[in-house]
There are 4 protein chains.
Amino acid sequence: MDVSEFTPSPEQYAFTFGGVAPVRRVRPGDALRLWSDDAFCGALRSVDDLPSARLNMPYVNPQTGPFYVEGAEPGDTLALHLVSLEPARDWGASSLIPFFGGMTSTDRVASLQPPLPETTWIYELDRSRQTVTFVASRSDHRIELPVEPMLGTVGVAPAAGEAHSSLVPERFGGNMDAPQVRAGATVYLGVNVEGALFSLGDGHYRQGEGEACGTAVEGAMTTTVLVELVKGVPTPWPRIEDDDAWMSVGSSRPMEDAWRIASRDMIGWFGDLFALDPLDGYQLLTQMAQVPVANVVDTNYSVVVKAAKSLLPQASAYGGLHADLRQRAAALGVG
Amino acid sequence: MDVSEFTPSPEQYAFTFGGVAPVRRVRPGDALRLWSDDAFCGALRSVDDLPSARLNMPYVNPQTGPFYVEGAEPGDTLALHLVSLEPARDWGASSLIPFFGGMTSTDRVASLQPPLPETTWIYELDRSRQTVTFVASRSDHRIELPVEPMLGTVGVAPAAGEAHSSLVPERFGGNMDAPQVRAGATVYLGVNVEGALFSLGDGHYRQGEGEACGTAVEGAMTTTVLVELVKGVPTPWPRIEDDDAWMSVGSSRPMEDAWRIASRDMIGWFGDLFALDPLDGYQLLTQMAQVPVANVVDTNYSVVVKAAKSLLPQASAYGGLHADLRQRAAALGVG
Amino acid sequence: MDVSEFTPSPEQYAFTFGGVAPVRRVRPGDALRLWSDDAFCGALRSVDDLPSARLNMPYVNPQTGPFYVEGAEPGDTLALHLVSLEPARDWGASSLIPFFGGMTSTDRVASLQPPLPETTWIYELDRSRQTVTFVASRSDHRIELPVEPMLGTVGVAPAAGEAHSSLVPERFGGNMDAPQVRAGATVYLGVNVEGALFSLGDGHYRQGEGEACGTAVEGAMTTTVLVELVKGVPTPWPRIEDDDAWMSVGSSRPMEDAWRIASRDMIGWFGDLFALDPLDGYQLLTQMAQVPVANVVDTNYSVVVKAAKSLLPQASAYGGLHADLRQRAAALGVG
Amino acid sequence: MDVSEFTPSPEQYAFTFGGVAPVRRVRPGDALRLWSDDAFCGALRSVDDLPSARLNMPYVNPQTGPFYVEGAEPGDTLALHLVSLEPARDWGASSLIPFFGGMTSTDRVASLQPPLPETTWIYELDRSRQTVTFVASRSDHRIELPVEPMLGTVGVAPAAGEAHSSLVPERFGGNMDAPQVRAGATVYLGVNVEGALFSLGDGHYRQGEGEACGTAVEGAMTTTVLVELVKGVPTPWPRIEDDDAWMSVGSSRPMEDAWRIASRDMIGWFGDLFALDPLDGYQLLTQMAQVPVANVVDTNYSVVVKAAKSLLPQASAYGGLHADLRQRAAALGVG
């Protein structure tokens, strides 16, 4: 199978889900190799590059796309299998942006306090060691951390003529900032408009759960993705499947509602997978869920509810699509 | 070293942190072997035992204690090292209690909807297989799950004359329902009153993160615990240390505040452990925290912020107390 | 001055702020007389008309507009002075929509409980008595309530290419459901795009604060509005001025953040009006704010922070525009 | 009828609801004239008195009481009719306390930002003009505001052996900071323990809704109160009745839950007052509630849901007790 490549020019960067014309048409089954710029549009390259001077707010978190998927219609599910994520630069950046992040007052969690001092950290990537290095700004610490590439953002166009900033995680996916969106995972997204119009970006060379300060080790990324379509099967909120787990991602505020959304979705999924009654699914989930927080910094917060396959009976989601995509991915010989 | 035993009579069950006279005096260094009843006071023994008929609300979640620790004063830290947790019955119980749990309206998340149907599940414990078995109430599913014993509740008396229900997780510990409170872990709690007055209970034979329905596999437990005291070192919110991680536990509503509390505490702890400036600690935490949700069902919600030791420089907390307690625990030859 | 009229055809109904082409161009100073359909698109006309059968979700809350205001640019403030609001039908409707409202679980405050029963109430309007009548659905009560017409929704296009459902209250205005948006009030909205692109609708013949069940006495409305533009003066969040008070409206979740947004804005406004330092403004607001809740049912909740002019020194906002508009409105001889 | 007086010595100040022995026994029907110190224990007397130097945290908000009411048992309702509130000093104080208040990060809404600068404002009381004067700290503004005395705190002992700081508003009343608790109002509180054990304090010479900075115009107060008991009628959350309205007060976090609690309670009360079905009560409340926010600064936030008597059919709550107490109060010839 061919892998078609796409690198957007800066003029092609998409800053919303919805409201943007497609850059390409693709077909179910296609493999794409996509370059995405980092969330800062590559503008933070040294510790002296501060957000207020270098960023053109709110034009951050540029997405690569959208792609029009032939045959996709509302009520279908788009499956995006991440074959590989390769850091496309030798450094990543993270920064404290004034009034943005989880441990500061913000535009919405408003206070009268001044912002935290703007600070930028640059993480050098060591490809042989597969590490990025944290260098403290106010002391001499250097700490090597493993590279664990992921995509902060992947989504489709929302329904009903809406267009949302790529900074927002929502029902349509978007800026979920979930470390589980990594190579080997399949992301399922409900299709809201003809062609689905998916985009992706916001590569992170690594990110802790919660993404406390609001910016991960942000880095340009080359993503190889297999595109599939499940006709006639809706997916109400984003789901992720990998070899080890089924996952639902809820995004809302306050954070408990993100959890409620994802838990309800997983209980519904248990119904599909195992023919479990919702109350029994609720009980079973109570005893075996893993619940890693994804982000506490975006306009909505995101929480992952995860069910380990090893604890559950054998089952296939979406007709066994994930296993199938894993095989096709292996055949690609990428990553 | 001797291990002294204590099993409370039902009249000795403590239902608050604070406001209860100590059952025993202990000394730093003591090892205790404590029996605790389950959160239902043992009243749910079959699927026909429904909460509204069997429970004497709000007298649930009985604690074993409080214990007066000689020499403990406000401003100290109490360290409780969990040597072993042994299920003390051959079954655990979980139940849907009307208007309690995460996927229902509650006393506070009030709605006009009727409650979910009361339902009780009994989990048989297989000691040889080290499993408990989920038996669906509305179909024929049986799913074996590994036993992973933990304590839902451990805490000290609050400050300033307060007394809080054992159902509440707070600054003083309490009903955090964090699966990380298990054998091999050291729990650090700030002392608020002379003698600290700690209690523990709420054994869970296993629990998923979030404790979705509000009740885990609740079971009577025999807990062996080593008691230590760190004089003159305060601990503002509960912390947990095990061989793999440092952890802070925040409890509040909405859930993002539980995360904020724990993140701020961990950043402060990074300052102690590594002499990292708070902004550098914030950045480092952003890239490496694990954030498993503990509970989304209690009066406060609890979130664990976890820092893996393997990713960080070598460091000792509280003068290396955890490693020391591990050795002493091994010498006990228990569990 | 002429008053130009506009009544949209159903094909012209706007269901988003942003993403819709203008229906008319208007100039600062223009007076418009606008008909708007009710939030149900007129589909609920008897107590037997239930939402799930009659509504074409999510195509509800149709807006009249958008209007392109000549000369409006980002950074300006649009002022909309409501000269009169006249009920355009002889009845209003309110309805319990499944999983929508404040006293039910919802799409986001998710639970496993079934929805409340769908119910529709029709309120007959008595023009001579200026009342609408509540008729209980499950008993014989009839209670006459005064007509107090207001607009639930008024807003401009959001920034940065976004388009949001007309069900959402946000920084750009939208579905604030604030009873203070009534005849005699001036609404100030920051302009985000050329032409401002304002729309309005969602007439309520009356509404309690909070809009508990999610739908007020929804009714078609004829609104006479004076359009003005304040060049070069930004307005970060919606504000309302009437003869008695200055008001800021915050919209977010959780509800305390809606309050924080509005309070911060009012403190900033106090700085403009009185040259008060922010901390003094904070103190003054503490002792004299009125804080009526607007809605607890929309995707964001809205809170009004209100400062009574009678308690404060004489001052003029936006160059005395409100007083000027009041005079111009009187000269219109409408309403 | 005699009015018995009580002024606590500082050693008698109560800092919790629950856990404190009664200072007096009283009988239903008794009239009491009670002096209460201000929330700062009188320690802030000039603008140079800053909280961190003068306050003995957490020993603030001292209550006068508790009073043991003869015959009061769990399941009864205590009615406290406020006959008069008289400022007991010629000045009130308000202060910014570090990390306390609504427009700052706090202990729970944690951030890494430094606190706002400590500042104290002193409000001189002019008894002839019935005003207090705001004097800006950073400019020359002086603004006279009407005295509107109220009690920030009134409550009973909680159930089940709990004891809560007097800073907390809860189901048992406490620090609701609702301006509606003023002369002429009757406060209804459910009795949780024998004798009810009510206390009151936290006089405010005036307070805006929301109590933005966390401290009102705090002043010592002399309160004349009539005590009554309604046997066998429970009151689940605090209610207030005055000549104009029935009110329910909810206290929780996030703020929407405070509203939900109060709305559900009012719908239940509508059932008692008018035999309205809950869904009809929900609908009626939707169209006529007033929802003033009480506080957004305490450990729980408080919201008042208010139903104007003028809009509703004639009805009597608690057997017409409020009207009766009004008459008895008039006969006292106080205030």
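Before reading further, recall that the structure is shown in the block above.
Quantities reported herein were computed from a predicted structural model and do not represent experimental measurements.

A few points about the relation of the copies chain B and chain A
Stage number 1. For these two chains of identical sequence, chain B goes onto chain A by a turn of 180° and a shift of 0.0 Å along the axis, with RMSD 0.0 Å. The transformation just described matches what one would write down for a two-fold rotation axis. If distances are taken from each C-alpha of chain B to the rotation axis, the shortest is found for Pro292(B), at 2.3 Å.
Stage number 2. The share of interface residues of chain B whose copies in chain A are also at the interface is 98%, consistent with both copies meeting through the same surface.

Digging into the interface of chain B and chain A
Stage number 1. Contact with chain B, which involves 64 residues of that partner, is made by 63 residues of chain A.
Stage number 2. Interface area for chain B against chain A, summed over the two sides, is near 5200 Å², with a carbon-plus-sulfur share of 66%.
Stage number 3. Taken together, chain B and chain A are joined by 2 salt bridges.
Stage number 4. A salt bridge links Asp277(A) to Arg138(B); the shortest N-O distance between them is 3.8 Å.
Stage number 5. Counting across the chain B and chain A interface gives 44 residue pairs in polar contact (both at pLDDT 80 or more).
Stage number 6. Secondary-structure elements contributing two or more residues to the side of chain B that touches chain A are β7 (91-96), β8 (119-126), β10 (142-146), α2 (255-274), α3 (278-288), β20 (289-290) and β22 (301-308) of chain B.
Stage number 7. Of the residues contributing to the side of chain B that touches chain A, the split by class is 37 nonpolar, 17 polar and 10 charged.

Things to note about the interface of chain A and chain C
Stage number 1. Listed by partner, the interface residues are 32 residues for chain A and 32 residues for chain C.
Stage number 2. Looking only at chain A, the three residues that lose the most surface to chain C are Arg108(A), Leu112(A) and Arg264(A), adding up to 26% of its buried area.
Stage number 3. Our count for the contact surface shared by chain A and chain C stands at 6 salt bridges.
Stage number 4. Here chain A is connected to chain C by 13 residue pairs in polar contact (both at pLDDT 80 or more).
Stage number 5. Ranked by residues supplied to the side of chain A that touches chain C, first place goes to helix α2 (residues 255-274) of chain A with 5 residues.
Stage number 6. Taken together, the residues of the side of chain A that touches chain C sort by class into 14 nonpolar, 9 polar and 9 charged.

Description of the environment of Ser52(B)
Residues and elements named next belong to chain B.
Stage number 1. Looking at the element boundaries, serine 52 is found in helix α1 (residues 51-54).
Stage number 2. In this structure serine 52 comes out as exposed when scored by relative accessible area, which is 54%.
Stage number 3. For the pair serine 52 and proline 234, spaced 182 residues apart in sequence, the C-alpha separation works out to 41 Å.
Stage number 4. A distance of 2.5 Å separates polar atoms of two side chains, one belonging to serine 52 and the other to glutamate 118.

Quick look at the packing of α2(A) against α2(B)
Stage number 1. Contact geometry of α2(A) with α2(B) gives a least axis separation of 6 Å together with a crossing angle of 115°. When α2(A) is examined against α2(B), the residues Met255(A), Glu256(A) and Trp259(A) are found in contact with a partner set consisting of Met255(B), Glu256(B) and Trp259(B).
Stage number 2. Residues belonging to the contact of α2(A) with α2(B) are distributed by class as follows: 4 nonpolar, no polar and 2 charged.

Focus: the relation of the copies chain A and chain C
Stage number 1. The operation relating chain A to chain C is a screw motion whose rotation component is 180°, with 0.0 Å of axial translation and a residual RMSD of 0.0 Å.
Stage number 2. When the interface residues of chain A are mapped onto chain C, 100% of them again fall at the interface, so both copies present the same face.

What about the packing of α2(B) against α3(B)?
A pair of packed helices can be characterised by two numbers: the angle between their axes and the separation between those axes.
Residues and elements named next belong to chain B.
Stage number 1. With their axes 9 Å apart at the nearest point, α2 and α3 run at an angle of 115° to one another. Considering how the two elements wind past one another, α2 and α3 form a crossing that is right-handed. Between α2, through Ser263, Met266, Ile267 and Phe270, and α3, the contact on the second element is made entirely by Pro278, Gly281, Tyr282, Leu284, Leu285 and Met288.
Stage number 2. Classifying every residue of the contact of α2 with α3 by side-chain character gives 8 nonpolar, 2 polar and no charged.

Here's the deal with helix α3 (residues 278-288) of chain A
Residue and element names in this part refer to chain A.
Stage number 1. Most of α3 sits inside the fold, with 10 of its 11 residues counted as buried.
Stage number 2. For α3, the full list of buried residues reads Leu279, Asp280, Gly281, Tyr282, Gln283, Leu284, Leu285, Thr286, Gln287 and Met288.
Stage number 3. Measuring from the side-chain oxygen of the N-cap residue of α3 to the backbone nitrogen of leucine 279 gives 2.8 Å; that N-cap residue is aspartate 277.

Reading the values: the criteria
Residues numbered from 1 in each chain as written. Chains lettered and ligands numbered in written order. Predicted model: local features only at pLDDT ≥ 70, side-chain atom pairs only at ≥ 80, totals over all residues. Heavy atoms only, no water. Least-squares fit on C-alpha atoms with pLDDT ≥ 70 in both. Contact = heavy atoms within 4.5 Å. Buried area = accessible area lost by both parts, 1.4 Å probe. Salt bridge = Lys/Arg side-chain N within 4 Å of Asp/Glu carboxyl O. Polar contact = N/O pair within 3.5 Å; in protein donor to acceptor, adjacent residues only side chain to side chain. Helix = DSSP H or I, 4+ residues; strand = E, 2+ residues; numbered from the N terminus. Nonpolar A, V, L, I, M, F, W, Y, C, P; charged D, E, K, R; others polar. Buried < 20%, exposed > 50% of the residue type's maximum accessible area, 1.4 Å probe, protein only. Axes fitted to C-alpha atoms, helices over the stretch in contact; angles between N-to-C directions. Left-handed = near helix turned anticlockwise from the far one by under 90°.

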